[in-house]
Structures are given as structure tokens and as C-alpha cells.
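Inside the fold
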Amino acid sequence: MEGVRRSKRERKQVHSIYEEAEKQQEELKERASASPRKKRRSTSKKEEQEEPESDNNNEASAAEQDAEEEGEQEEEGEQRAVEPAEEEEPDEEEEEESEDDDAEEEYTPRTAAKMKSRVSSSTATPKRSPAAKARKMNIQNSAKKTRVPKTKAPRKAVQSALTALAKKFLDKTETQEHSLVAALLYSSKRNKAQETEAVDALSALKKLMRGKETPYTSNLVETAKHVIDEHQQDPNAAQVSLYNLLFRSVGATFESSLNPADVDLENISDEDMTEYMKTIVQSMEETPVEQVLLLADGSSGGAKATMAAREYQNIYREFWYLLGVTILSDSLSGNYNSSTTPKTKRAKKGEDNDGERDGDEDEEDAAAVNDDASQTPQGFRFQMEMVREIVKRMIELSCLTQDDIRAGTTIAVYELAVAILERTVELREKLTVAQRQLHVAKKSRMKRKAQALESQTEAWNRMCTELEELVTDTVMAIFVKRYKDIHPFIRAESMNAMSRFVLTRPDIFMKNAFLKYMGWMLSDKASVVRLKAIDGLLAPFTANREHTATTKNGTTQPKIDTHLMAGIAEKFAERLADCGMDVDVAVQERALELLLAFSRHGLFDNITDQDLWKRINDRALAKDTSAVVRRTALLFVLEQLEAFDSDNIRSESDVVDRINALASWITHSIAGHDVPLDKLPYDRVKYVMASLKLCPKYVSLLSEYSAMLRALKECGNEAASQSKRSLEVVQRRVLLEMIVSSVEQEMSELNDSTLEGVVDASVLGAQRALEDSSKDKKKKENKQGLQEKLTIAMLQALPELLAAFKTDIDLMRSLTTLPKYFLPSVLNTSNQKKHFSALLDQLSSLFQTATDQAVLFNCCLTLTLLAKGDHTRSSEALVLLKRDTASICDHLMTLLQEKALIEDPAKIVDVELSISMSLRRLCLLSKRWPLSKLLNGGTDAIEKLCTSVGASIARDLNDRKLVSDEEDENSEELVPEIWETAPEELHEQAKDAIISGLSFLMNTTAWGLREQLDMSSEQRQVTSSLVRMRDRLVKLTSLCFEMYIEDNDTYERHHRYFSRAIQVHAMQIAGDLRSLFHKEWANSTDPVLRSCALPDDSHLIGGSVRFLRSQEEKLRAEGEHAELSRSLLLPAARGLCRNWKLGNRREAGTILAHITGSGAEASSIVSSMSRVLKKIEPVRLLEAHMASLRQVFEDWAENEPEEPRSDHPTEEEIEEHEEAARLHKAKFELIEQQAKRLSSSLGVGKLSDRSLKPALLGFVREGVRFAFSTDDPSGGAPLFLGARLPFLWLLSKYLTWIRKDKDHVEILRMDFNEKETELRNHPDYKEVFTEDLKALSSFRQTGNLDAFLVEDDDEKTKEDASAVPRMSVAHSGMRRRLSHASSISSIVSKTSTQRSLSPLPEEGKNGEEAEEERAVAEKMKHSPIEEESEEDSPSPQASDEKRGQSEEDSPSSKGKDSPSLQEDVSPSSKEKDSSSPQDGDSSSSSNIEEDSPDQGRKANQTSPSTVGDLSKESSYD
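Quick caveat: nothing in here was measured; it's all calculated off a predicted structure. (Residues numbered from 1 in each chain as written. Predicted model: local features only at pLDDT ≥ 70, side-chain atom pairs only at ≥ 80, totals over all residues. Heavy atoms only, no water.)

Comments concerning the overall build of the protein chain
The helix and strand tally for the protein chain stands at 61 helices and four strands. By residue count, 53% of the 1517 residues in the protein chain fall in the buried class. In the protein chain, once contacts between residues fewer than 6 apart in sequence are set aside, the share between residues at least 24 apart is 76%. When the accessible surface of the protein chain is totalled, it reaches about 70600 Å², and 49% of it is carbon and sulfur. (Helix = DSSP H or I, 4+ residues; strand = E, 2+ residues; numbered from the N terminus. Buried < 20%, exposed > 50% of the residue type's maximum accessible area, 1.4 Å probe, protein only. Contact = heavy atoms within 4.5 Å. Areas by Shrake-Rupley, 256 points an atom, 1.4 Å probe, with all protein chains shown as cover.)

Below you can see the structure in the form of C-alpha cells.
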């Protein structure tokens, strides 16, 4: 307690010194006011100073208004025009007088009138009177304009979040007057009663704050002043208030706050303090995390709570900083000590001025008068004592084990330390001025003034030294412990504090003894600490850059001498290089920026470790980092290259030197000792060119094409050694990559409209319209100039480059992309004819001989662009293109004939390869141009070619499909001999030929259809060739689907790969066919369109759905499968969207099942398809929902795990069963998510289509019927009772829409009661699984259907449905939800579908059936909702009997078709449902049962579950 007693004695001594200082100050004021002549001169100086300050205040007001409202630059310029000239500014001594006088006068209405009268009576020019008026307006409104952000919405959001948090956090008795935490939380609100005083405080603090004011500053200053007042009256109470602020901020409750009457911080024992801390920590543990204002990790609860908590942390920091600033401020602290009295103020104003002195004595007294009372030794001691005690109290808590308390105290101590250091800066500046005045006084022999100045400088020097020691000794003692704190937030806060110390007092802290702490923290395990340490080392360079940018007169003198960091830079260079490869990209970016700063300032000049330099340089080529890191690393590299030392580029040779230097560095960086030249990472060159584009100083290098070509030409020396020549080869390749990459970088901003033919003409027209309306014409002209520059430079060099590097596939891929950027107008000049012809020859030769897909595509694109381009040489390119097309077609016909004569599969590999490449070239050409316009024979030649290609594809497919006995359907399928005798290369080439051939046929057919659609209806003629090409393509696609095989080890790997690749491409062709040849055209009045309609797509649908189902496991595997989703789901979705009015509901249900569980890409595709289908036919989409849910539910039920059959299973069997049960449950949860997503897709809050409202009732009623049914979809024995009750969990997701209509709820309640009554009255009711019965209660509760009435002996009771647990997968019995016969039937059906789903013969419905289907569809679409009598509506039992009879008669019971696809894709007209015009859906909404046409029509008349009647409420009455 010795330290505490010493503090008491010191405080008593301070108060006694205050009384002596008051007397001394009054004597000085009396002497100063005794001379009238001195008073007049002082008044005159104050009047001269008043107007400049008025103008400056007006300027500050305009600047603040600028920050709030944009577009005020002109007004600010006018206000600056009336500023006083430099010669009118007072000298330093007079400026101090003016500042002191202004600080003495507080703003009141009386002083405001004085200011106005002074301005009006001064000798200022009339131009300044508006400035004076603006100053008055600024004084009145400055509190309202304190750093208002540009966007008010975030500020309002923060204020509302703080207010909400305050209401939730604060106790009712906590007010701003009695609680510091309440004052901080409400600091964003304006206090009108304190505005005047706050404005006066801000004006006094403005110079010291240095532009760091915030919207909270004015209120926080008042709060700080309140703490200082309280500290003067009762230091213990003030310190307890600060403690309570800390404890409440970190989560302590209001009840646990310390009471100043009970706690004496100076005399409290360690045991009592420990008890208090235990109580506080215990209350902190009970506080919810979302109500904690200040957490050590900076996190909090929800989004708004996080916003408020983070903002409060900033407010908390600013409060402690302002508390220190206010205590140590000259003008503010003088208002809170006894040395400032009314009598003293009057003496300062010169009101007691009897007597007169001579001029020398007036000047001697002026220095003492101008000093504030607080600047006396006694005032210094008062400030020093108060700030030392507060720092001491905070330090006492900085070693507690609770992280949040330790973090709060650390922040407080560091903020106070920054305020102390800023005060020392102000004192050092005043000390310099005072010493200069002292020198002048001594030189002028003014003894009394010199004595006063000596006393003042000694006091300032002593106070400054004590404040510096307080930070360097006391605060740094805490820093040494907290910089290695266990919590990363506190360590990061310590690094931030050290950075601020260095910036504030570099003369003290810009030393290795302090900078080493930030160097050590570069190895911290927390990335936030490493980032703060790097920011701290980088801060001096940033401060110098900002200082240079804001300094007038072009002064470049740095603010901080960064050369003092040379030792730190060399010592921690290795660690900084490691930070450049940090796991955190943000750390990498800042570390490279710091390394670049060290290099530019010469701090790395003494480092000779080449490995270190290489590690840093290689970050410019790194693939696993950000573009910012690569750009900064490239700048680091350019600092080392001699060619980039000079900023002046005098000629092209200088540019060539720079390009060579950069290419040489890249060459040495990527060239490895043991890596072959063709395996080097040349693709890293694009990173360098992309980084150059981000550097404004070097971006011009990207467009220096001629210099790059010159460097490429000069690269090479025949007399060089072998190793050097190898490097030259690499450098040439690097230069070529630089050329290609620079072109791509520069031309990437060009609009696609400049690339004629690359995009569709309609898109080009829209882009041209946008270009014409754009304002950035200068930029477009600049890009066009670059394009012209590129064309001139590359047209001459490109043919030679293509000829020289034609064997380098990677380089050819890059070089062939350049011609598409050529400007067509340049090709019109005569001097470019030779180069143009050479380029055409090289491209034609490449297109004929190249085998790479990318090279072929680029050559084809370039040739077609040149042939279509708007220039005089397009005809030459067109002639060449026709010649090449004819040559390829002739060569292909020859190869096909040759292939037909070869019988040995081993000898046909080369021919098959040539056929594949020829078809690939024709495929690319047919995508860009209709071949009928390139061949002499026109349409006849094309049809002949397509016939030959189609026959070859059909022969290849028939030779490879499985062979079976057509008479015996149950016979085993055999693998053809070709899979065993032919080499694998042959199958690979055949696969490529089939895929390219199908694409070629599809492109040719599409061009033929487009020619018909481009004609008017009068000009169209029925063309049998187009129909034949369409039918041929349909048959070939169906044949591709017959390549289906099971994905197991029964077949060879290359066989499975061939089958999968062929079917994936067949799905794309099927989607294109269904999208182009619409089924709706069958009803068109145009005979051409009617003939083009696709008559029957059931084969395409069947093959697509079967293959899609076989790939579901891959689609639902972990990870993202975007490419697979686009290949499988997108083609089918496109076909459905185009034909949805007659679309297949079963197919749609199969695709809808992938709305969840198959990755983001699949979900996006299915969601987009669902939105389109809902706009076209929403009721039909609802039927597809039912088909999807029933299909996935039955798949789930069929895969239910079986319990171990042994009475004593082993542990392995038990674990296997539990794992299977877990997976089975997870699958059901995935199905529930699917049902929820499907239900939510119908609308947001309300249904997006009115027709869905009645249809949803029918949908749910049909789902209820299915859930209570027990019939086997495969025609086997019925299922056990309640086997499908879990389906109610899925159906309940749609009850949200039913609950919106009370009538619908009542209808559903009646239906559900009837079904449940039948269930409960069944003899086997007791055998129903308990888990399945829970679905009933949950369904009732979700749908507001009320509890079921259970009849007891004498009364009816309601079943308890209050607690509805989730369903469980495990069951106590051995029964399965689907019978064993059903499973066997399903397996047989699946194995038989590969030859029955997609047969080549096409069969369609007869005219009567089609007409009847169209009538039913039209009736469903337009008929109003009609109610049927109860007599006309069949009973569920009757419906089940008829359905069972139809199932028994259906062929599906014999295992011919898959239960999932047997109806929609069956080729037989006898197996098609007449209720749907084209898709062949079943008459039942389940889309599972299969009826004959007669049975289907009969069911449509009687069954309540008819799909077409889902929209009719009468079907369920």
C-alpha cells in the first residue's frame, strides 16, 4: 500500500500548488492589463486574426458539407478564393496570442454577437462578409455536420442496431447521466442541450484530433469531461465508473456492477478484489453471447448484433482515446482545475487595465499572458497525476485470466498511450517555438521575457519527459506481456498499438528495440496477428507516401526516416519471404507489398542470398495465389532488372530491351534442369502479362507488338553453346506466349460485335445499339487503334510463325487464336495482299492436317470469319473454304467405301481414324456455315453424304450392341465378338467417328430447318429430304440408346466407356431434336410445319430417362459434378421446356428429383426448368411433382435394409445393418428436402398461378390415397398394411398451400378421416409399424386437420397429437415395404428394358386416339370447375378394384417393361394412354400403373385419381 499512500500525498501537494499558481497567474494578468497601449495593440491583433479564422472555419464547413453531399466542388473553390493572402497571416508569436485568446472565449450568444460586430467593423474587404456569415452558420450547425458519411443507409442501420442492442442490454435504471456504457451506446444520438458546449470542445480539439473526428466524437467528449469532473470531486468514484464500463462491456450484468460507496480501489485488499472478480466473471458466463458488447475475438450473435458489437468496439476505443486527449489538452483541462477563475479570465481579457507600462515590459509579460493556466508546472502536475492514476487502474486488470476483460483493459491502456504520445508531439512543437522565442529574447536582451520563457520551456520539457516515460516504462511493461498473450486478438491489438506508437513518435519507437516485436510476430500461428505485424512494419512507408501526396510546394522530405528499418529488414527477410507463401492470401498480399517497399528504399541491398530473392520473385509466376500477389511480386522483379531502371523510353530499342529482360527472367524461372522443354510451364507467362495490365506504369508494354516481334526475331545465336541454345529455344517460346497473352489481355475489352460471325446477328445488333449510345468514344477509338496496330504487325509475321511451330500443339492453339482479332479494314490495303494469301494458305494447310480439336476449331473460326468479313478479300477466303470443304467430303466418301471393303477389324484402325478426323472437320464447318452453300451439288450432295455417314454409323452401332434371341425374351444377352477381337484403339476411333457424325447430321438437319423457317409461309414447300434426315437422326439416336449396358465388371472397361460416351452424346442429340422439331407443330395449319413435327419421341424419352437413372449414383456422389449435370440434365430439360404442353410427366418427375442432392449446377438447371414449366402448364407440373415423389419414395422403400437373419448376429453384421439403416434414413431426409423444394417452387407466400389452387387439393387427395394403398406396382402380391404411410411425411410439405383455404381443409379432413377409419378397422391394424402411425399424427397437425376421434366403450376421445417425433427407419419386424416378388420383378424388368425401350421401328397413335387425346387436353385446359354428385363419384374400393384388374391385364406384370418407364416410353400403341396427346402418360396421376387404351378411358370416367382431373375439384367430391 506504499504506492497508494504516495498517490494521496502527491495529490494533496498538487492542490496546494494550484493555490499558489492561481495567485501567481492573477499577478501576471494584472500586470498585463495595466497598459492601455498594450490592450489596444492586442485587440487590433485579435481583430486581424478573427477574419482569417472565420474564413478557415468557413472552409472547414464547406469541406464537411462536401463529404456529406457530392458535387459541391465549385462552392468550395469560391470559398477558398476569399481566404487571406499569405502576407496577411500573423507571425508565430502573434498566432499564439490569437489562439490563446480564442481558447479563452467560450461560445455564447453574447460572444457570437461580439464576433459579428468585430467582423463588420474590421477593415476586411466586402468579399469576406459572406465568409463571416457562413462562419456563424457553421458555428450553429457544426455539431450536426461532424463527419456525416456519404451513404446514410448504413449509418441508420448502425444506429438502429445500437439502439436495439441498448434496449436489450441496459437496465431500466441505467441512463446516460449515471452509466458510461449507456452513454457510449447512445453516443450516436444528438444531445441538443450539449451541442453548443460540444462544438466549443471540438473546435479546441480540432488541431489535436487531426481529422479523426467521428459522428460520436462530440458526445464522447462530453462523456470524457463528465468523467474528469467526477475524478476531480471523487477520484475513486470516477475510477469505479471506468471499471464498470469495462465490466459491462465484456458482459457483466448490471447487478454485479461495483458500488463506489462499497469499494475503495486504493485501499481494497487482494482477497476482496478477488471476490469481486469472481462475481463479475460468473455474471459474464450467464450473459448470452449476443448481448456481449466487447468480445476478445470481435464476434457476436446475429447479423445486427454483430454490426452493433463491432461499432461499439470502435466507440469504446474512441472513448478511451478522447479521455486521454481531453485530460491532457491545454484548452479543455484548464476548465476543470482551480487555476482558471473568472478573475483570471478577466485579467486575460484585459478588463483590469489601470496603469501603463512601456513597450519592453509589455512584450516581456505577453509571453506569460499568452500561456494557458494549465501550462504552468502546477497544471502539468494535475494532468500528469490524473492520467497516471487512470492508466495504473487499467493496468491492474490487464493480467487477469479472463480473455474479454484482459482485451478490454489492453485496448484502454493502448488508446490512452496514443493520446499521451500525441500530447508529447504537441508539447515538442510548442517547445520548439518557445526555444526559438527564447533565443530571440536573449539576443534582444529582454531579460524578463527570457526568464518567463525559460520557466515555460523547463515546465514543458519536464512534462513531456514524464509523459514519454509513462509510455516507455509503464505502458511498454504491459506491452511486453500482452504482445505474446494467449489470445490472438490481444496479440494483434498489441501489434496495432506498436504501429501507432511508431507513427506518432518515430524518434522514440523507430528503433530495432521496438520494431523487433513486430518482426517476431511474423511467425505467429494466427493469421490476424501476422497481418497486423506486417501492417505495422508497412505503416511508415504508407505514412510517407500520404505525406508526400499532401505536401505543398512539391516537398519530398519524408515524414519518417525508413532507413532506420534496415536492420529489421535484413533480420526478418527470410520470414517475410515465407509470409509471401502464407496460407492466408491477405497475408501474402501485404507481405509482398512490404517486401517491395523494402526493395525500393534500398533496405535489401546487403542481402546476397539468391535463394531468398528467387523465392520472392517466383511469386509472380505462382498459380496458387491472387492477382494482387502476382502483380506486387512482378513489381519486385522489375525493380531488379536494369532495363526498367530508367523511366524514359527514347526509342523502340528501349522497349525491346525491356521485353528481352522480362522474357529472359521468365525463361530462367521456368526452365528446370531435368524438365524436358515441352513439359515446361509456359502457361505461367499469362500471369506476367495479366500483372502488367494491372500496373499503370508498364501497361503500355502489352500493346508493343512490333517490339515483341523484333525481340523474337533477334532471339537466337547459332554460335552459342548447347545449353545456351536450349535457353534461347525456351525464350523464343516465352516471347510467343507473351505475344499471344498480350493480345488476349488487350483485346479482352473489345465488344464481341467487333468479331463478326462469332455471335448471333441479333446479339450483334443489340451490342451495336449499345455502342452507339455509349459515351466512352475515346476509349473505343483507342481500342480500335490497338486492333489496327495488331493487324498490321501480326499479319506479316503470323504465316512464318505458323509454319515454324506447326509441330508444337500448345503453341499452335495460341497462335491460331490471333487472326480473329484482326481489323477487316486493314485487309483492304494492297500491301497486305501477299501476307493475307500466305496466312490463308497456312490456315488451310493446318485445317487439313491438324488433329487437335482446339487448333481445328480456331482454324475453322478464322477461315469462316475471313470469308464472311466486310473487306475486299473475303471472296478469296470463300473460294479457299469451298475448296477445302469439297476436298474433305470427297476424301470422306473414299474412306467410307474403303472401310466397307475391309473385313478384318485390326486393319481398319487407320481408316477409322481418318474417317473420325474428316467427320470432325465437317462437324466444325457445319456449325459455322451451311455446307449446302459450300458444295457444288447443293442439297442433293449433302443428302448423299448424310446417307453414307448415317449408314456407317448404324453399321458401327449394330456391330457393337448386345446380341439376344429375339424369340426368347428371357434369354441371356451376349457380347459381340468385335469387343474381344478388335483392338481398343478401334473402338476409341469408332466412338469419335460416331459422335462427330451425329453432330454433323444434327447440324445439317438444323440448317435445313432454318432455311424453311426463314421463308414466309407462302414460300415454304414440303421437302422430303428434311423429313428423311430428321427420321434418320431419330433412328440413329434410338440405336445409340440401345448401347446401354450395366455398369459392372461383366463388361470390359473400354466397352463401358464406349457405351457411356455414346449415350451421353445421344442425350444431347435427343434434346436438340425435341427442341427443334416441336410436337405442337402437329396441330399447325402450315403443312410444312406439320410435316416437320416430331411424330413420336417416346423412344428418345425412354432411352434418355433410362440412362439418366443409371447415372444417378454419380450425380449424387459427393462433390460438384457440373459437367455431368450439364451433359445429362440440361438436354432433357430443354426438350421438356419446348414441348411441355404435351410433355411427359414421368420424364419431368425424373429430372425434378435432382432439385436437391446432386450439386449446385444440377439444382440450378432443375430450378430454371421448373420456373419455365410453371409458366407454360402449372397443373401439368404439379402432376410431375407427384410422379417424382412417388418414384423416389418407391425407390427408397425398395432399398430398405434387411435385418440380420441370424438369431445371433455377429458384430460385423450388426454394424453393417446400422450403417445401412443410417444411409437409408439419410436418403429419406434427402427426399424430404426435395419435397420441400418442390413445394416452395410453386410460389413465394402465395401461389403464382390461380389454376394451382384447386389442383393442389386434388394433388394432396391423390397423395393420401397412395399413402393408404397397398397395391404392388409390379402386379405382385399386395403390400403389408401401412407400408406407404411414410409418404405422408413428403406430402405434408404441400399442406402449407391447403391451410390457406378452409373449405379445402374441410374436404381433406373428411377424406383423411375416412382413410384412417378404414385403416383402424382393418384386421391387421395392430401390425402397422408405430413409426408409420406417427406420420398420421404429423400430417394432421401440419394440415390443421384436428386429432382423430377414437371410439372407446362409452365416449369418444381425441388422439394425442401434441408431440410428434420424427420417423425412424429401423423397424422391429422382418417385413419389407415392397414384397420380394416386386423386387425380383423390378430386377427382371430392368434387365429387359435395354432391348424393349428404344426399338428402331417407330409406331404412333392412330387418328382417333390422337383426336380423343386432344379433346381431353382441351377440356382440361378450358372447362370450369364443376361439382359431381356423390353418386357419380366412385368409391376408393371400386377404383382400387379396377386398377388392380387393369394391372393384372397389363403386360408389365409379366416383366416386360421397367416399372419406372414401362408406360411413358413403351413403343407399342397398345400400351399408350389415350388421355395424353403425345407423351403416353398413364391415366393415373401416379404414372406408375399401366392400362390398355380401353381401360385407360374407362378409368378416366370413373377413377377419382385421374391425372387429368387433378385440377377438377369435382373428381374428389
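From this point on, the discussion continues.
What to know about the environment of K1225
With respect to the element layout, K1225 can be found in helix 52 (residues 1211-1240). In this structure K1225 comes out as partly exposed when scored by relative accessible area, which is 38%. Through-space distance from the C-alpha of K1225 to that of W1196 is 9.4 Å; in sequence the pair is 29 residues apart.

Comments concerning the packing of aromatic side chains
Considering all chains together, one arrives at 28 aromatic pairs under this definition. Considering the side-chain rings of F1193 and F1266, the 6.3 Å spacing of their centres and the 80° angle between planes classify their relative orientation as edge-to-face. Of this pair, F1193 sits in helix 51 (residues 1178-1198) while F1266 sits in helix 53 (residues 1252-1268), and the two are 73 residues apart along the sequence. Comparing F1193 with F1266 shows no difference in burial state: the two are buried. (Phe/Tyr/Trp six-rings, centres within 6.5 Å; stacked < 30°, edge-to-face > 60°.)

Description of the side chain of S1127
Within the secondary structure, S1127 is located in helix 48 (residues 1122-1138). Judged by relative accessible area, which is 10%, S1127 ranks as buried. Within polar-contact distance, the side chain of S1127 engages the backbone oxygen of E1123 at 2.9 Å. The contacts of S1127, once residues within four sequence positions are left out, are V1064, M1067 and Q1068. (Polar contact = N/O pair within 3.5 Å; in protein donor to acceptor, adjacent residues only side chain to side chain.)

What about the packing of helix 40 (residues 939-960) against helix 43 (residues 1024-1041)?
Between helix 40 and helix 43, the least distance of the axes is 10 Å, while the angle of their chain directions is 15°. By the angle between their axes, helix 40 is roughly parallel relative to helix 43. Every pair of crossing elements has a handedness; the one defined by helix 40 and helix 43 is left-handed. Note on element contacts: helix 43 touches helix 40 through S1025, R1028, M1029, R1032, L1036, L1039 and C1040, opposite T939, E943, C946, T947, G950, I953, A954, L957 and N958. (Axes fitted to C-alpha atoms, helices over the stretch in contact; angles between N-to-C directions. Parallel < 35°, antiparallel > 145°, perpendicular 65-115°, else oblique. Left-handed = near helix turned anticlockwise from the far one by under 90°.)

Some points on the nonpolar core
Counting residues in hydrophobic clusters, the biggest one holds 342 residues, and the most contacted among them are W320 and F501. Ignoring any residue separated from it by four or fewer positions in sequence, one finds W320 in contact with L242, L245, I390, M394, A412, E415 and L416. Listed in part, the five residues of the second largest apolar core include L438, A441, A450 and L453. (Core = buried A, V, L, I, M, F, W, Y, C linked by side-chain atoms within 4.5 Å.)

What about the confidence of the model for the protein chain?
Note: predicted coordinates in regions of low pLDDT should not be interpreted at a detailed level. Across the protein chain, the average pLDDT comes to 74, with 69% of residues at or above 70. Counted against residues more than four places away or in other chains, residues 1-18, with its pLDDT under 50, gives 24 contacts. Low confidence marks residues 751-768, where pLDDT is under 50. Its contacts with residues over four positions away, or in another chain, come to 21 contacts. (pLDDT = per-residue confidence, 0-100.)

Observations regarding helix 28 (residues 627-638)
For helix 28, built from twelve residues, the straight-helix expectation of 16 Å at 1.5 Å per residue is met to within 8% by its first-to-last C-alpha distance of 16 Å. Regarding helix 28, the residues found buried are V629, R630, T632, A633, L634, L635, F636, V637 and L638. On its buried side, helix 28 packs onto helix 26 (585-600), helix 27 (610-617), helix 29 (652-670) and helix 30 (685-693). (Expected span 1.5 Å × (residues − 1).)

Observations concerning the packing of helix 43 against helix 46 (residues 1098-1110)
One can describe the packing of helix 43 onto helix 46 by two numbers: an axis separation of 9 Å at closest approach and a directional angle of 30°. Overall, the two elements helix 43 and helix 46 adopt an arrangement that is roughly parallel. When the axes of helix 43 and helix 46 are compared, the crossing they make is left-handed. Residues V1034, T1037, S1038 and F1041 of helix 43 touch helix 46, and the partners they reach there are H1099, L1100, G1103, S1104 and R1106.

Overview of the environment of A1066
The topology assignment puts A1066 in helix 44 (residues 1053-1076). According to the relative accessible area criterion, A1066 is buried, its value standing at 0%. Counting along the chain gives 29 residues from A1066 to T1037, while the straight-line C-alpha distance between them is 5.5 Å.

Considering a negative patch on the surface
A grouping of E1211, E1212, E1213, E1215, E1216 and E1218 is seen on the molecular surface, where their side chains present a negatively charged patch. As for its position among the elements, E1218 is in helix 52. (Patch = residues over 30% accessible without salt bridge, like charges linked within 9 Å, V, L, I, M, F, W, Y side chains within 5 Å. Salt bridge = Lys/Arg side-chain N within 4 Å of Asp/Glu carboxyl O. Lys, Arg positive; Asp, Glu negative; His and termini not counted. Charge placed at Lys NZ, Arg CZ, Asp CG, Glu CD.)

Thoughts on the pattern of salt bridges
Here the structure, examined in full by the defined rule, presents 64 salt bridges. Between K1293 and E1232 there is a salt bridge, with its nearest N and O atoms 3.9 Å apart. You can see K1293 sitting in the loop between helix 54 (1287-1291) and helix 55 (1295-1298) and its partner E1232 sitting in helix 52, a full 61 residues away along the chain. Linked through salt bridges whose partners overlap, the residues forming this network are R317, E415, E493 and R500.

Concerning the side chain of R619
For R619, the location among the structural elements is in the loop between helix 27 and helix 28. The class for R619 is buried, based on a relative accessible area of 8%. In this structure R619 touches G580, M581, Q588, L592, D624, T625, V629, R630 and A633, once residues within four positions along its chain are discounted.

Observations regarding the environment of E980
Note that E980 resides in helix 41 (residues 978-981). Sequence spacing of E980 and H1055 is 75 residues, and the spatial spacing of their C-alpha atoms is 9.9 Å.

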